[in-house]
Amino acid sequence: MKISYNPIAAFLIFFFFFFFNLSQHYAQAQPNTTGYACNINQSYPCKTYAFYTATAPNFLDLAAIGDLFSVSRRMIAEASNISAANATLQANQSLFIPISCSCNTVNSTFGSISYAPLDHTIVPGDTFYRVSTLEYGDLTSFQSAIVVNPTAVVTDLQPGDHITFPIFCKCPNSTDLQNRRNLLITYPVQVSDTPATIAAKFGTTTQSLIDVNGNNIGPNSTIFVPVSRLPNITQPATSAPAPPPPPAVSQVVRNRDRKGAVIALAILLGVCVALLVGVIGFWVYREKKREKERGKYADVATKESEFGKNKESSVVKDMEVNLMADVSDCLDKYKVYTMEQLWEATDGFNDNCLIQGSVYKGSIDGDMLAIKKLKWNAREELKILQKVNHGSLVKLEGFCIDPKEANCYLVYEYVENGSLHSWLHGGDRSEKLSWKTRLSIATDVANGLQYIHEHTRPRVIHKDIKSSNILLDAAMRAKIANFGLAKSGCNAITMHIVGTQGYISPEYLADGVVSTKMDVFAFGVVLLELITGQEAMDADGRALWGKALAGPGAAKGSEERKAAQVREWMDPCLARESCSMESVSNVMAVAVACLNKDPSKRPTMVDIVYALSKSNDLFFDVSDDGLSSGPVTAR
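These numbers come from a predicted model, not from an experiment.

(A) Fine view of the overall build of the chain. Of regular secondary structure, the chain possesses 22 helices and 19 strands. A burial count over the chain gives 46% of its 635 residues as buried. The contacts of the chain with a sequence gap of at least 6 include a subset with a gap of at least 24, amounting to 70%. Accessible surface for the chain amounts to roughly 31500 Å². Of this, 54% is attributable to carbon and sulfur atoms.

(B) Quick look at the state of the cysteines. Enumeration according to the criterion identifies three disulfides in this entry. Disulfide partner of cysteine 46: cysteine 171, at an S-S distance of 2.0 Å. Between cysteine 46 and cysteine 171, the S-S torsion sits near -95°, and that sign places the bridge as left-handed. On the criterion of sequence distance, the pair formed by cysteine 46 in strand β2 (residues 46-53) and cysteine 171 in the loop between β5 (162-168) and α6 (174-178) is long-range, its members being 125 residues apart. By relative accessible area, which is 17% here, cysteine 46 ends up buried. By relative accessible area, which is 7% here, cysteine 171 ends up buried. Disulfides within the chain link the bonded cysteines, taken in sequence order, as 1-4, 2-6, 3-5.

(C) Main features of unusual backbone geometry. Of the consecutive residues alanine 56 and proline 57, the connecting peptide bond is found in the cis state with omega at 0°. Mapped onto the fold, proline 57 is located in the loop between β2 and α2 (62-69). In this structure, proline 458 follows arginine 457 across a cis peptide bond, with omega equal to -5°. Along the chain, proline 458 falls in the loop between α15 (435-454) and β14 (460-461).

(D) The arrangement of the confidence of the model for the chain in detail. Confidence in the prediction of the chain, expressed as mean pLDDT, is 78, and 75% of residues score 70 or more. For the chain, per-element mean pLDDT is lowest for helix α10 (residues 304-309), which scores 42, and highest for strand β16 (residues 478-480), which scores 97. Counted against residues more than four places away or in other chains, residues 18-31, with its pLDDT under 50, gives 21 contacts. Counted against residues more than four places away or in other chains, residues 620-635, with its pLDDT under 50, gives 36 contacts.

(E) Just the nonpolar core, in detail. The biggest cluster of nonpolar side chains holds 74 residues, and the ones touching the most others in it are Leu410, Phe483, Phe523 and Ile608. Among the elements that take part in this core, helix α17 (residues 516-532) stands out by supplying ten residues, more than any other. Judged by nonpolar contacts, the second largest core, of 39 residues, contains Cys46, Ala116, Phe165 and Cys169.

(F) Up close: the packing of aromatic side chains. Tallied over the entire structure, the rule returns 17 aromatic pairs. Look at tyrosine 49 and phenylalanine 96: their rings are 6.5 Å apart centre to centre, the planes differ by 65°, and that puts the pair in the edge-to-face class. A residue pair is termed long-range when its members are at least 10 positions apart, and tyrosine 49 in strand β2 and phenylalanine 96 in strand β3 (residues 94-107) qualify at 47 residues. Given the relative accessible area of 22%, tyrosine 49 is considered partly exposed. The exposure class of phenylalanine 96 is buried, given its relative accessible area of 1%. On the numbers, 5.7 Å between centres and 35° between planes, the contact of tyrosine 136 with phenylalanine 165 is tilted. Here tyrosine 136 is found in the loop between α4 (128-135) and α5 (142-148), whereas its partner phenylalanine 165 is found in strand β5, with 29 residues between them in sequence. For the pair tyrosine 136 and phenylalanine 165, a shared accessibility class is recorded, and that class is buried. One aromatic cluster is present, built from ring pairs that chain together Tyr49, Phe51, Phe96, Tyr187 and Phe202. The ring centre of phenylalanine 349 lies 5.6 Å from the NZ or CZ of lysine 373, which sits over that ring.

(G) Representation of empty space enclosed by the protein in the model. The tally for this structure, following the rule as stated, stands at one cavity of 30 Å³ or more. Looking at the largest cavity, its volume works out to about 80 Å³. Forming the boundary of the largest cavity are 13 residues, of which Lys463, Asp464, Tyr503, Ile504 and Ala522 lie nearest the centre. Grouping the constituent residues of the lining of the largest cavity by class yields seven nonpolar, three polar and three charged.

(H) Molecular detail of α2. Burial within α2 is extensive, with six of its eight residues counted as buried. When we look at burial in α2, the residues that qualify are Leu62, Ala64, Ile65, Gly66, Leu68 and Phe69. Measuring from the backbone nitrogen of alanine 63 back to the side-chain oxygen at the start of α2 gives 3.2 Å, which picks out aspartate 61 as the cap. One or two residues past the end of α2 sits serine 70, with phi positive at roughly 60°.

(I) Region of the structure containing the pattern of salt bridges. Taken as a whole and judged by the stated rule, the model has 14 salt bridges. One salt bridge connects glutamate 454 with arginine 459, and the closest N-O pair in it is separated by 3.8 Å. The class for glutamate 454 is partly exposed, based on a relative accessible area of 23%. Overall, arginine 459 belongs to the partly exposed group, its relative accessible area being 30%.

(J) Quick look at helix α7 (residues 195-202). Among the residues of α7, Ile198, Ala199 and Phe202 are the ones counted as buried. Seen along its axis, α7 keeps its buried residues to an arc of 100°; they face one direction. After α7 finishes, the residue glycine 203 shows a positive phi value of roughly 70°.

(K) Highlighting a nonpolar patch on the surface. Taken together, Leu276, Ile280, Trp283 and Val284 make up a surface patch of nonpolar side chains, about 380 Å² in accessible area. For isoleucine 280, the position within the fold is in helix α9 (residues 251-297). A residue is classified by how much of its surface remains accessible, and isoleucine 280, at 45% relative accessible area, is partly exposed.

(L) Local environment of the packing of α17 against helix α21 (residues 581-594). Direction vectors running N to C along α17 and α21 enclose 150°, while the axes themselves pass 8 Å from each other. As far as their axial angle goes, α21 and α17 are roughly antiparallel. α21 is crossed by α17, and the crossing has left-handed handedness. Across the interface between the two elements, Val520, Phe521, Phe523, Gly524, Leu527, Leu528 and Ile531 of α17 pack against Val584, Val587, Met588, Val590, Ala591 and Cys594 of α21. For the contact of α17 with α21, the per-class residue count stands at twelve nonpolar, one polar and no charged.

Rules used in this analysis
- Residues numbered from 1 in each chain as written.
- Predicted model: local features only at pLDDT ≥ 70, side-chain atom pairs only at ≥ 80, totals over all residues.
- Heavy atoms only, no water.
- Helix = DSSP H or I, 4+ residues; strand = E, 2+ residues; numbered from the N terminus.
- Buried < 20%, exposed > 50% of the residue type's maximum accessible area, 1.4 Å probe, protein only.
- Contact = heavy atoms within 4.5 Å.
- Areas by Shrake-Rupley, 256 points an atom, 1.4 Å probe, with all protein chains shown as cover.
- Disulfide = S-S within 2.5 Å.
- pLDDT = per-residue confidence, 0-100.
- Core = buried A, V, L, I, M, F, W, Y, C linked by side-chain atoms within 4.5 Å.
- Phe/Tyr/Trp six-rings, centres within 6.5 Å; stacked < 30°, edge-to-face > 60°.
- Lys NZ or Arg CZ within 6 Å of the ring centre and 35° of its normal.
- 1 Å grid on protein atoms, 1.4 Å probe; cavity = no way out; pocket = protein on both sides within 12 Å on 5 of 7 lines; lining within 4 Å.
- Points joined across faces, edges and corners; volume = space filled by probe spheres on them.
- Nonpolar A, V, L, I, M, F, W, Y, C, P; charged D, E, K, R; others polar.
- Polar contact = N/O pair within 3.5 Å; in protein donor to acceptor, adjacent residues only side chain to side chain.
- Salt bridge = Lys/Arg side-chain N within 4 Å of Asp/Glu carboxyl O.
- Arc of directions from axis to C-beta.
- Patch = residues over 30% accessible without salt bridge, like charges linked within 9 Å, V, L, I, M, F, W, Y side chains within 5 Å.
- Axes fitted to C-alpha atoms, helices over the stretch in contact; angles between N-to-C directions.
- Parallel < 35°, antiparallel > 145°, perpendicular 65-115°, else oblique.
- Left-handed = near helix turned anticlockwise from the far one by under 90°.

Take a look at the structure:
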């Protein structure tokens, strides 16, 4: 029997086996979702990089990406071979993000995991899945975020919650270093990637990739690309013009080739069908695998509502016991409120009672109070607040725990006039702060910081001094608020960098050094805000303290020349006020001293309080009508 050869069938069979083998390869290369084990005694911590792709609409400028990863625009620009002044990026533009990789002990189940911890403040609409996938570009996973944040209720994230997102990373071991694999760059594998194309992109070899990652190099996985040094990224170029159309051919030639074109079209159609069948098969297989994985880790993207409903009552009871044990030392010092009281005071936590973030105002027994809603991460904050009592610190009145939802509510005194930030930078303020009031505010904050630095044992470091955490009461006296990031004890080293850009001290950002001098640095930025009326970070991502050190801080010559430069920097509304330039210049000198890049050369809060008291003595105000919101007397 004669068997005829069918080229289309041959192509179909070829591509079927091709895609079958490809799907088998990817089935074996499942992504690591919970993190990468590490040995804390090896080469950790280390500085490394993550490969990130700029995406529309929120991450097409260096400032937004810098905020996301808690690094400066300049650091990203230098690593990515672009200009820091080039704020706008193209969609899908490649970047290298500097990260600090550390080996972190999670729990007995997962042991130690290697990652760079990034603090992320939850905003409305955020979920673990959305932030991990859309914002951090698969450099982490929601499963790993769940593991790293064991106390967070993933189905009920609240605006203002601080969540640690673990960016996957690795530090090179001794074998890597011997083979000149000095850097292991974190890279999220794309569907179109193969080990060969990845190796070519980074200037390494396929074998090196396999040596570091094994055979688990497949789509949706995170791998580590070994290189001897950071490669230069080729930035996107404009697309080339389309080639001119081919010259026309004669009708005779077209007729002659029509039969061949039909055959070629049939073959092409067969190839497309085979490709489609293979892709669909692979997609179905991959989705089944993903669904199985999601079920294992309670996928917050599709099953969030079920996660909280299926809690066992025993878990709730155990949590209640643990929460009460944590706050047992506070029971005799603070009032313990009930959930019914808080619910009634805030009209069921209605948005009309929302002050900012997760802080609500409400009246209980005729007293107006501020109620801060937290996941159960208030343990350290409560321990610190029960140690302090000062007129320049917002007073904690009591607390409430809700074991059913694992929430803790801190109840503070209500500070009527809001934050210093809203007075200095809020566009709806028709009244501006006079120099007398600003000087009084600076003195109040300095006294509060002096108290927590000098009169607590061990010393308390606030770690988040900024104008939005300074509240003003009815008499425009300042109180320091929000001890959520505060730490008891100083001169420590941490790899978990948290805070607000524009206020973070250089030694903390670079090396994780925690000391009272980081509060001194942030206070210097607040002084600059009081003098200039400018934000700590401008629209171009430039820090106010950097501009000040290059401006008035670098001024030389006579006192008159220095005073003239300070006058140029002053808030315009202060320039129209009759106040002593000597007093303003003295406060500027204090601010510049606080911003010294060498923390050992910064003054203590004792020195600062003394210097500000001299500025009060120098104060002079002829009109005394700079503020009409309430009586203010200079000290």
